[in-house]
Amino acid sequence: MKQSLEDILRTMKTIPEAAPRATFQENARIRLMNTAFIGRRASILERIHLTYHIARLVGGFALASVFVGGAVVYAAQYSKPGNPLYPIKTASEQAALHLAPTTGLKTSVATILIDRRVQEVTDGRDDRTSEDVERAVSSFNDTVHSMEQAKGVDASEVETHAKAAEKTLESFRQSTQHGGTDTKSDDGKNHEEGRQSGDRHPTPEITPHPTIELQHVDLSATPPADVKGIQIEIPRSGDQKGETSRDE
Amino acid sequence: MRRDSTIDHIVARCKAADRSALGELYDALVARVYRFVYFRVTSREDAEDLTEQIFVRIFEHIGQFDERGIPFEAWVFRIARNMIIDFYREHKVAVVPLEEALHVPDPGTSPEEQTVTALQMEDVRSAIPKLPETYGEIIVLKFIEELDNEEISRILEKPVSHVRVLQSRAIQKLKEILRV
């Protein structure tokens with residue numbers, strides 16, 4: 001051997017193969033920097049920074065949800081029993097009831113909800129079926145029951161209002177029985193007089209009872225003073241109770 | 001091992017959660033780590049894989065490195081040693097294949113002399129992985145990395161006197177393998 005073994009060993013440091021390839025060196029660096037973590041807890045600044053970013057993401061998502069959710073809730077207000085949005089409507093009503101801060105306001109909300117159920121029963125459309133009406137009546141009954149049981153409401157006031165509403169519905173039922181003749185049942189066929197076995201609420205052309213004027217329940221507006229019949233008053237600020245007048 | 005103040009400074013920044021310091025640490029040490037691994041395994045691919053794994057381990061545990069103890073480079077070589085040991089346990093060490101002739105340009109020698117030198121280097125390169133574990137480490141650290149015995153003793157966690165003994169035995173063993 002021309003060179004000693006030790007000499008050869010010392011020169012091996014310089015061979016090209018003893019150096020890492022450039023591509024490997026670069027790629028490994030990228031991989032390492034992407035996945036590297038230091039085995040210790042993050043500093044307070046790092047945690048604050050991370051929390052800030054997470055809060056921004058969550059806040060943005062929540063804001064977007066509020067906008068989208070608000071639009072859906074608004075659209076749901078016009079839905080009827082059986083509509084896919086109807087549960088959203090009733091859920092928002094429950095939320096409004098729970099959020100009302102005083103007994104007076106809670107009671108007002110409860111009475112308004114009962115009136116809404118009445119309107120859902122009596123709101124006439126030609127394409128309504130007996131099933132639709134039945135659902136609406138069922139929803140009315142459920143609402144009355146839950147409002148009477150609701151915490152924080154004036155139960156006697158709600159009961160009084162519910163009885164008035166039931167009278168309204170009874171009048172409506174009688175008027176529909178005596179009134180129209182055609183009802184579209186679920187099979188799409190017209191049936192005379194709208195009466196079938198088991199069909200409790202035929203819906204011919206719905207004409208309001210002449211002695212009853214049903215007012216559209218507008219949560220924001222105060223009904224005109226000269227309207228007779230069942231009136232629902234939205235209590236102004238400071239008022240504790242809404243007043244209802246009996247139908248005449 | 002002479003404490004490299006530059007490396008110590010980078011390590012301090014790494015421990016202070018400066019992620020850019022990790023990249024600087026990698027740049028400063030990757031060639032040495034790779035070279036140490038390369039002469040202990042049989043292929044470049046294995047050397048690259050192991051080198052990357054070693055740095056993953058370094059980054060994971062650098063927060064626990066105590067700068068009052070051994071020098072950081074010694075700590076790094078210890079990690080590299082352990083991972084090479086694990087590598088050999090997992091992989092069966094095959095017969096070292098013949099490699100291409102390694103060309104080491106030497107303007108002062110004749111073409112015939114250059115060929116002889118290249119073949120010898122190839123033989124040596126192939127023979128080092130065949131050495132017993134500690135002997136191979138001594139050969140690489142002492143003659144290729146050119147560390148002093150004190151630095152080697154810190155890495156191998158053996159007394160300096162023992163390192164000298166191991167060093168002479170390693171050379172003898174390598175000569176036996178090379179039959180010179």
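Per chain, the residues get numbers from 1 upward, laid out in the order the sequence is written. Each chain takes a letter, starting from A, and each ligand takes a number, starting from 1, following the order in which they are written. Only residues with pLDDT of 70 or above have their local features reported here, since the model is predicted, and side-chain atom pairs are shown and tallied only from 80 upward, although totals for entire chains, interfaces and linings are computed over all residues. Excluded from the side-chain calculations are hydrogens and water; all other atoms, namely the structure's heavy atoms, are used.

Engineer: Honestly, the interface of chain A and chain B in this entry has me stumped. Any pointers?
Structural biologist: Where the parts come together, the accessible area they lose is often given as the size of the interface. Two residues qualify as a contact provided that any one of their heavy atoms is within 4.5 Å of a heavy atom in the partner residue. Listed as interface residues are 31 residues of chain A and, on the opposing side, 47 residues of chain B. Accessible area, probed at 1.4 Å, shrinks when two parts are joined; the buried area is that loss added up over both. Buried surface at the junction of chain A and chain B, both sides included, amounts to about 3,800 Å², of which 65% is carbon and sulfur. Broken down residue by residue, the surface that chain A buries against chain B is led by Leu9, Lys13 and Leu32 of chain A, which jointly contribute 16%. Here, a salt bridge means any side-chain nitrogen of Lys or Arg that lies within 4 Å of a carboxyl oxygen of Asp or Glu. A salt bridge links lysine 13 of chain A to glutamate 146 of chain B; the shortest N-O distance between them is 3.6 Å. We define a polar contact as two N or O atoms separated by no more than 3.5 Å, with the added condition that, inside protein, one atom must be a possible hydrogen donor and the other a possible acceptor, whereas residues neighbouring each other in sequence contribute only through side-chain atom pairs. The interface formed by chain A and chain B holds seven residue pairs in polar contact (both at pLDDT 80 or more) in total. Going along the chain from the N terminus, every DSSP run of H or I of four or more residues is numbered as a helix, and every run of E of two or more is numbered as a strand. Breaking the side of chain A that touches chain B down by element, the ones donating at least two residues are α1 (5-11) and α2 (22-35) of chain A. Among the elements that line the side of chain A that touches chain B, the one with the most residues is α2 of chain A, at seven residues. Among the residues forming the side of chain A that touches chain B, the class breakdown is 17 nonpolar, four polar and 10 charged. Polarity classes work like this: nonpolar for Ala, Val, Leu, Ile, Met, Phe, Trp, Tyr, Cys and Pro, charged for Asp, Glu, Lys and Arg, and polar for all others, with Gly in that last group.

Engineer: Help me understand helix α7 (residues 149-156) of chain B in this model?
Structural biologist: Every α-helical turn comprises 3.6 residues, leaving residues that sit three or four positions apart pointing alike. All names here are of chain B. Note on classification: 1.4 Å probe, protein chains only; a residue is buried when its accessible area is under 20% of the maximum for its type, exposed when over 50%, partly exposed between these limits. Counting buried positions over the eight residues of α7 gives six, a clear majority of the element. When we look at burial in α7, the residues that qualify are Asn149, Glu151, Ile152, Ser153, Ile155 and Leu156. The secondary structure elements touched by the buried residues of α7 are α4 (72-90), α6 (133-144) and α8 (160-178). Where α7 begins, one side-chain oxygen reaches toward the backbone nitrogen of glutamate 150, 3.2 Å away; that side chain belongs to aspartate 148.

Engineer: What exactly am I supposed to notice about the side chain of glutamate 145 of chain B here?
Structural biologist: Following the sequence through the fold, glutamate 145 of chain B ends up in the loop between α6 and α7. You can call glutamate 145 of chain B buried: its relative accessible area is 5%. Only 2.7 Å separates the side chain of glutamate 145 of chain B from the side chain of arginine 35 of chain B, close enough to count as a polar contact. For glutamate 145 of chain B, the contacting residues outside a window of four places in its chain are Lys13 of chain A together with Arg32, Arg35, Phe36, Phe77 and Val140 of chain B.

Engineer: Sorry if this is basic, but what is going on with the side chain of arginine 116 of chain A here?
Structural biologist: Residues and elements named next belong to chain A. Its location among the elements puts arginine 116 in helix α5 (residues 103-122). Residue classification places arginine 116 among the buried positions, given a relative accessible area of 14%. Engagement of the side chain of arginine 116 in a polar contact is seen with the side chain of glutamine 77, the distance being 3.0 Å.

Engineer: Please clarify how the packing of α4 of chain B against α7 of chain B should be interpreted in this entry.
Structural biologist: Helix-helix packing is described using two parameters, namely the angle between the two axes and the distance between the axes. Residues and elements named next belong to chain B. With axes taken as lines fitted to C-alpha atoms, and helix axes fitted only over the stretch in contact, angles between N-to-C directions fall between 0 and 180 degrees. Between α4 and α7, the shortest axis-to-axis distance is 8 Å and the interhelical angle comes to 50°. Between α4 and α7, the angle is such that the two are oblique. Here the hand of the crossing between α4 and α7 comes out right-handed. Judged by residue contacts, Ala74, Phe77, Arg78 and Arg81 of α4 engage Arg154, Ile155 and Leu156 from α7. Partitioning the contact of α4 with α7 into residue classes produces four nonpolar, no polar and three charged. Put simply, angles under 35 degrees are roughly parallel, angles over 145 are roughly antiparallel, angles from 65 to 115 are roughly perpendicular, and the rest are oblique. In this scheme the handedness of a crossing depends on how the near helix is turned from the far one: anticlockwise by less than a right angle means left-handed, clockwise means right-handed.

Engineer: What am I meant to see in the pattern of salt bridges here?
Structural biologist: It is possible for side chains of opposite charge to pair when their charged atoms get near one another. Taken as a whole, this structure holds 21 salt bridges over all chains when the rule is applied. Arginine 117 of chain A is the salt-bridge partner of glutamate 93 of chain A, the closest N and O atoms lying 2.8 Å from each other. With glutamate 93 of chain A in helix α4 (residues 86-99) and arginine 117 of chain A in helix α5, this residue pair connects regions lying 24 residues apart in the sequence. Assigned by exposure class, glutamate 93 of chain A and arginine 117 of chain A land together as buried. We note a salt bridge from aspartate 86 of chain B to arginine 89 of chain B, for which the minimum N-O separation is 3.7 Å. Taken together, the residues span about one helical turn, with aspartate 86 of chain B and arginine 89 of chain B both in helix α4 at a distance of three residues. Since its relative accessible area comes to 31%, aspartate 86 of chain B is described here as partly exposed.

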